[in-house]
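Topology and contacts: notes
Chain by chain, the residues run as shown.
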Amino acid sequence: MEGKKVSQLWYVRRGNAVKGPFTLGLVRRYALLGRILDNDQLSPDREQWKALAGWPELIPEEIKHLDTPEDLQRLELARRREDERLHPDRRQDRSPAQPEQEQRHGGDRRASEGAETLGHRHAVAEFMGELREQRPRYRTQMVITAVLVVGVVAAYLLAPGTREPTDLRQCDAPPRAGINWSTCKLGGLSAVGATLEGAQARNVDLTAANLSRGRLRGSDLSYAVLDAADLSGADLSQSTLVGASLRGAQLAGADLRGSDLSYADLTGATLERTRLEGARFDKAIWPDRTECSPGSEGGCLVPAR
């Protein structure tokens, strides 16, 4: 594909099952996480199929060179970074080539689990799956890395004061400054012009919420789900929206100055008259599905091809 624009939509074939289309950024992410296997076939048009190695433009930089312990550490950090963007319910985040019958339906009796527990269990499963897929000469290094990471996660979960007690959440309370909405399910909420400065709302679900003209300066909305939310005219300056999902969000006239939207997904979002001075967009997905380069500030820098 030299000399041509890289396709933004891809299909993945495993055996006789074809999934897609998937965005370029999502394919690279699954390649980084090991969810696209070496023998999976990929195609931009469902006509020309090649294994991942046959499409160099799809291979993340972190897995191109694995010659030193530093390379492996960089890979592990990249995987942990990307894994933090997953939906907390693993049933809603299948890999593109996973067959439909592998999902549970109907009589799924699993009890709901806290975000911390799900994250810990998912991390352990992810590492063990990756260990089985690594080439033998990297196995020892990967085992050591996995043990260290699991140890750090366990220490975090067991350390006093690190987990947020669910009884401190205020999911049913009316909007106010400094409110704790972390992990709350508030889809469809109507809070036009609400005062929410300094809100703690990590992993909150505000799908299709109406927060237009809201005052959310300095809020923590890391990994929040704000798909199709109305944030027009809202003050989100100096806020943290790392990994937030803003697909189809209305941000016209919003103030995002000085906010951190690294790894955020802005696919289809409206950014007309939006103030972006000093806002970070490292590896964010822009409304047109472009993946922004590291160091993007005040807008999306397109990676060099």
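As a reminder, the structure under discussion sits directly above these lines.
Attention in this report is confined to the structure presented alongside it. Throughout this description, residue numbers start from 1 for each chain and increase along the sequence as written. The predicted origin of the model limits local features to residues at a pLDDT of at least 70 and limits the giving and counting of side-chain atom pairs to 80 or more, whereas totals for whole chains, interfaces and linings rest on all residues. Derived side-chain values reflect all non-hydrogen atoms in the structure, with water molecules and hydrogen atoms excluded from consideration.

1. Brief notes about the packing of aromatic side chains
Two aromatic rings are characterised by how far apart their centres lie and by the angle between their planes. Here a pair means two rings of Phe, Tyr or Trp (six-membered ring of Trp) with centres within 6.5 Å. Their orientation is stacked below 30 degrees between planes, edge-to-face above 60, and tilted elsewhere. Considering all chains together, one arrives at two aromatic pairs under this definition. Ring centres of Trp10 and Trp55 lie 4.9 Å apart, and the angle between their planes is 75 degrees; this geometry places the pair in the edge-to-face category. Highlighted residues: Trp10 in strand E1 (residues 9-14) and Trp55 in the loop between strand E4 (50-51) and helix H2 (69-83), separated in sequence by 45 residues. Buried, partly exposed and exposed residues are distinguished by accessible area as a fraction of the type maximum, computed with a 1.4 Å probe on protein chains only: under 20%, between the cut-offs, and over 50%, respectively. Looking at Trp55, the relative accessible area reads 1%, which means it is buried. With 5.0 Å between their ring centres and 90 degrees between their planes, Phe281 and Trp286 make a pair best called edge-to-face. For helices the rule is a DSSP run of H or I covering at least 4 residues; for strands it is a run of E covering at least 2, with both sets numbered from the N terminus onward.

2. Some points on the sheet that holds E1
Think of it this way: DSSP has to see at least two bridges between two strands before they count as a pair. Taking strand neighbours across the sheet as the criterion, the four strands line up as E2-E1-E3-E4 in an open arrangement whose pairing is antiparallel. Of all the strands in the sheet, the pair left with one neighbour each is strand E2 (17-23) and E4. As paired strands, E1 and strand E3 (residues 41-43) are joined by three bridges and run antiparallel to one another. Bridging across to E3, Tyr11 finds its partner in Ser43.

3. What to know about unusual backbone geometry
In this model, Gly20 is joined to Pro21 through a cis peptide bond whose omega is 5 degrees. Residue placement: Pro21 occurs in strand E2. Positive phi, normally seen in glycine, also occurs at Tyr223, with a value near 60 degrees. When you line up the elements, Tyr223 lands in the segment after helix H4 (136-158). The phi dihedral of Lys283 is positive, around 55 degrees, even though this residue is not glycine. The residue Lys283 is located in the segment after H4 in this model.

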